[in-house]
Amino acid sequence: MKRRICIATGTRADWGLLSPIAQALNKRDDVDLKIIATNMHLSEEYGSTWKEIENDGLKIDWRVKMKSDADTRKDTVLAMSECMAGMAEALAALQPDLLVILGDRYEMLATASAALILRIPIAHIAGGAISQGAYDESIRHAITKMSHIHLTETERYRKRVIQLGENPEHVIYTGAIGVYNIMHTQYISREQLERELNLTLSDRLILATFHPATLDEMPPQQQCKNLLAALDRHPDYQTIFTYPNNDSEGRIIIQLIESYRRRHPERVAVFPSLGMRRYLSMLHCATAVVGNSSSGIVEVPSIGIPTLDIGIRQMGRTAAPSVLHCGVSEEEIADGLETVLSSSFRLIAKSAENPYYLPDTLEKMVDAIVNTPLDNIIIKPFYDVKFK
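Cut-offs applied
Residues numbered from 1 in each chain as written. Predicted model: local features only at pLDDT ≥ 70, side-chain atom pairs only at ≥ 80, totals over all residues. Heavy atoms only, no water. Helix = DSSP H or I, 4+ residues; strand = E, 2+ residues; numbered from the N terminus. Expected span 1.5 Å × (residues − 1). Contact = heavy atoms within 4.5 Å. Buried < 20%, exposed > 50% of the residue type's maximum accessible area, 1.4 Å probe, protein only. Pairing = 2+ DSSP bridges. Right-handed = clockwise from strand over helix to strand, strands pointing away. 1 Å grid on protein atoms, 1.4 Å probe; cavity = no way out; pocket = protein on both sides within 12 Å on 5 of 7 lines; lining within 4 Å. Points joined across faces, edges and corners; volume = space filled by probe spheres on them. Nonpolar A, V, L, I, M, F, W, Y, C, P; charged D, E, K, R; others polar.

## A look at helix 9 (residues 220-231)
With twelve residues, helix 9 ought to run about 16 Å at 1.5 Å a step, and its terminal C-alpha atoms sit 17 Å apart, in line with that. Where helix 9 is buried, its residues meet strand 8 (205-209), strand 9 (238-242), helix 10 (250-263), strand 11 (288-291), strand 12 (307-310) and helix 13 (330-340).

Right under this line is the structure:
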């Protein structure tokens, strides 16, 4: 009998990670795969990235509409309520044996909450991490407590999930799927990238993504202005921005980077989304990655280039030696840029080992999703860690 597995996805970022898992599951004779798309995927402003799912040869079985242009905390809460209602309809109709979700986004909290009440087991990818500067931190751990199978990116994260009371038999250290993607993607050449993006790429290239740090005291607007001022000190570098996620106060960042592009069209380009393949291909052309995205910490070290991680959004994540953390003032960001663009730091990045790498990540994930017994998995006794 086939196991009906449903994957829920809300952003370009999580689909880029979920895509190889979905494609591997779709090829199996013992799996009936269903896909739910929501949030930013359905927004034209953010690139209508539902097309990436179909371009991967997969069918979207249900679309859950929700407010994707939220820019206040209240708007975000209201969007979550829309998502939860839509997910209740989708999951009740699709009746999956197992729901697969990734990470720490608010739409995934709504999705997990609906599945919890509907008694649908959840396989959660990337639990146990820490990112203290955003409410994603609390969401991630909340999803862990609603989930039944846990696929963690590091052994340290595995132990942290167990510390939250989860059964060690259902907590599997798999490595990061984003690193697997880097190792197995067929990259686009620089020339093809230039044609597709209608852009000439410089040999001095900064790839930047800056999200709101939703728990930081300094407003995202000021932090972004400080980043742009620091970039102005390096007019000999081309900067390519991708849009932030649609977190609270994210739209002001979009307005700032679009205005910056208009002021410096000769050296700045902005894209709502590059898509996974173009993004990973662009990394091979970049001198450094700058911003506060988890990608700069988890995936970029495997490319062998530096990451400048700004502010507290990712504070607490395990990081390779190629990742430099800095504060959010203009001077701190400028000093950080000087370091990561230096030849000495770039040399460090070339040989840095990525703590998120395992050679068989995809196989471990697919095996756990397909073969973990689901009988009696809904009722979870709390696993008490024995402290000395």
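The discussion continues.
## Side note on the pairing of strand 11
By the alternation rule, side chains of strand 11 split into A288 and V290 and V289 and G291, which are all buried. Examined bridge by bridge, strand 8 and strand 11 share four bridges and lie parallel to one another. From the neighbouring strand, A208 faces strand 11, where its bridge partner is V290. As defined by bridge partners, strand 11 adjoins strand 12 across three bridges and the pair is classed as parallel. Of the residues in strand 12, the one forming a bridge with V289 is T307.

## Digging into the pairing of strand 6 (residues 149-152)
Here strand 6 shows two buried faces, one formed by I149 and L151 and the other by H150 and T152. Pairing of strand 5 (residues 122-125) with strand 6, which is carried by three bridges, proceeds in the parallel orientation. Bridge assignment links A123 to a residue of strand 6, and that residue is I149. Each parallel crossover has a hand, and the one from strand 5 via helix 5 (residues 136-146) to strand 6 is right-handed. In the sheet, strand 6 pairs with strand 7 (residues 171-173) via three bridges, with the strands oriented parallel. Across the sheet, H150 pairs through a bridge with V171, a residue of strand 7. With helix 6 (residues 155-163) bridging strand 6 and its parallel neighbour strand 7, the resulting β-α-β unit is right-handed.

## Things to note about the layout of surface pockets
Each pocket or cavity is described by its volume, and for the largest pocket that value is around 630 Å³. Along its surface, the largest pocket is lined by 26 residues, and S19, E52, D56, M276 and R277 are the ones closest to its centre. Counting residues per element, the ones that place at least two in the lining of the largest pocket are helix 1 (12-26), helix 2 (50-55), helix 7 (177-184) and helix 11 (276-283). The element that contributes the greatest number of residues to the lining of the largest pocket is helix 1, accounting for six residues. If you add up the space inside the second largest pocket, you get close to 190 Å³. N167, H170, I379, K380 and P381 are the residues nearest the centre of the second largest pocket, which is lined by 14 residues in total. By residue class, the composition of the lining of the second largest pocket is five nonpolar, six polar and three charged.

## Here's the deal with unusual backbone geometry
Most peptide bonds take the trans configuration, and most residues that are not glycine carry a negative phi. For S48, which is not glycine, the phi torsion reads 45° and is therefore positive. Along the chain, the position of S48 falls in the loop between strand 2 (31-38) and helix 2. The class of S48 is buried, set by a relative accessible area of 12%. One non-glycine residue, N198, lies in the positive phi region at around 55°. The residue N198 is located in the loop between helix 8 (190-197) and strand 8 in this model. Judged by its relative accessible area of 71%, N198 falls in the exposed class.

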